[in-house]
Amino acid sequence: MLVSGSPYSTQVTYIRAIRDLMEDCGSIPEDLSAERIKAHLSSLRPRLSSSPLNLRVCGIKYYFRHVVKRLDLVVDIPNPRVSKYVQEVLSEGDLAVLFGACRSMRELAMLHLLYDCGLRSREVCYLKLSDFDKTHRKITLRNSKGGKLRTVPYSESLRQTLSQYFKSLPTPPSVYLFENKEVAGRGITIRGVQYIVNEVLKRSKLKKDVHPHTFRHSFAVHYIDNGGSILRLKELMGHSDISTTLHYLKFCKIPLQEIPTPLEVMLKRTKG
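Keep in mind it's a predicted model, so treat the numbers as computed, not measured.

A. Spatial organisation of the state of the cysteines. Counted by the stated rule, this structure contains zero disulfides. Sulfur of Cys25: no disulfide; nearest cysteine sulfur belongs to Cys58 and is 18 Å away. Since its relative accessible area comes to 16%, Cys25 is described here as buried. Not part of a disulfide, Cys252 finds its nearest cysteine sulfur in Cys117, a span of 19 Å.

Shown next as structure tokens:
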């Protein structure tokens, strides 16, 4: 079963969903009733939270929709409600503490990158030196969620941090920005990114729940707080739906300011 255009991890999850369904029910999926499939999914609830369970449902629905063309079963299988959890939004003070707790330029470069560009852990792992446009200070992300290609700008501050990072290495990286220390020719793993963030957090003594995605979350909120456009943020974050981007508004503290009315702007332009 090929999940076209999806990340490898999603393909594995979808295939595992069909495999487990067949092993549990002792039959191929298309011979099962919707009630039997629901019973199988219900049996997974004690050990799977809403998000992983939702991926299993998506995998089964993909199979019925695109492989065996059984749309009747697709409609009958409900997706579990994915719980919305509120992530931490790091303040500038929090970020300064975390940056100060870094013990190497590798750690600092990774945290600066996560916050400066609002990247996902996966995107950091696959980031290659060739993805950087140094002339225009832009990064091309080729392994974004959903297999989408997008370009994001990066700051002069990040450029300087990366320059110091390269100078600190005995041997500069040749392919990936953050190379895997155990496997030559490969980039750092998602677990590797998580480990670095966790180690910096422990050293910082900051009493907050911080993960790599926390920097992306904070980037989005601070971008809007600083006057950024919600539509531009949607593109920077790589969201397919604007509703996902609008979710960040509940955490923002946008200063209210009076602006000229459209009539006033029009008349001034006419007089000018």
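B. Highlighting the pattern of salt bridges. Applying the stated criterion across every chain, the model contains 13 salt bridges. The closest approach of N and O atoms between Arg142 and Asp131, which form a salt bridge, is 2.7 Å. With Arg142 in the loop between strand 2 (138-141) and strand 3 (150-153) and Asp131 in the loop between helix 7 (121-125) and strand 1 (132-133), this residue pair connects regions lying 11 residues apart in the sequence.

C. Broad picture of helix 5 (residues 92-100). Every buried residue belonging to helix 5 is among Asp94, Leu95, Leu98 and Phe99, and all of these are buried. The buried residues of helix 5 occupy an angular sector of 130° when projected down its axis, which confines them to one face. Relative to its buried face, helix 5 has exposed residues pointing more than 90 degrees away, namely Glu92 and Gly100. Contact partners of the buried residues in helix 5: helix 6 (105-117), helix 9 (190-204) and helix 10 (212-225).

D. A look at the nonpolar core. Ranked by size, the top nonpolar core spans 47 residues in total, and within it Leu98, Leu111, Leu113, Ile139, Phe178 and Phe215 carry the most contacts. Breaking this core down by element, the ones donating at least two residues are helix 5, helix 6, helix 7, strand 2, helix 8 (156-168), helix 9, helix 10 and helix 11 (230-237). Considering every element that reaches this core, the biggest residue donor is helix 6, with eight residues. In terms of nonpolar packing, the next biggest core, distinct from the first, is built from 18 residues, Ala34, Val57, Ile60 and Ile77 among them.

E. Examining the pairing of strand 2 more closely. Pairing geometry for strand 1 and strand 2, over two bridges, is antiparallel. Looking at strand 2, one finds that Phe132 is bridged to Ile139. The loop that links strand 1 with its antiparallel partner strand 2 comprises four residues; one of these, Arg137, has a positive phi angle of about 50°. Relative to strand 3, strand 2 runs antiparallel, the two being bridged by four bridges. Each bridged residue has a counterpart across the sheet, and for Leu141 the counterpart in strand 3 is Arg150.

Calculation notes
- Each chain carries its own residue numbering, running from 1 in the direction its sequence is written.
- Residue-level local features of this predicted model are given only where pLDDT is at least 70; pairs of side-chain atoms are given and counted only at 80 or more, and the full residue set underlies all totals for whole chains, interfaces and linings.
- Processing note: side-chain calculations cover all non-hydrogen atoms of the structure and skip hydrogens and water entirely.
- Cysteine sulfur atoms that come within 2.5 Å of each other are treated as a disulfide pair.
- Relative accessibility under 20% of the residue-type maximum defines a buried residue, over 50% an exposed one, and the middle range a partly exposed one, all with a 1.4 Å probe and only protein chains included.
- Every case where a carboxyl oxygen of Asp or Glu lies within 4 Å of a side-chain nitrogen of Lys or Arg is listed as a salt bridge.
- Helix and strand definitions follow DSSP, with helices as H or I runs of at least four residues and strands as E runs of at least two, each counted in order from the N terminus.
- As used here, the arc is the angular range of directions from the helix axis to the C-beta atoms.
- Should any heavy atoms of two residues lie within 4.5 Å, those residues are considered in contact.
- Buried Ala, Val, Leu, Ile, Met, Phe, Trp, Tyr and Cys residues that are joined via side-chain atoms within 4.5 Å together make up what is termed a nonpolar core.
- Only strands that DSSP links by at least two bridges are regarded as paired with each other.

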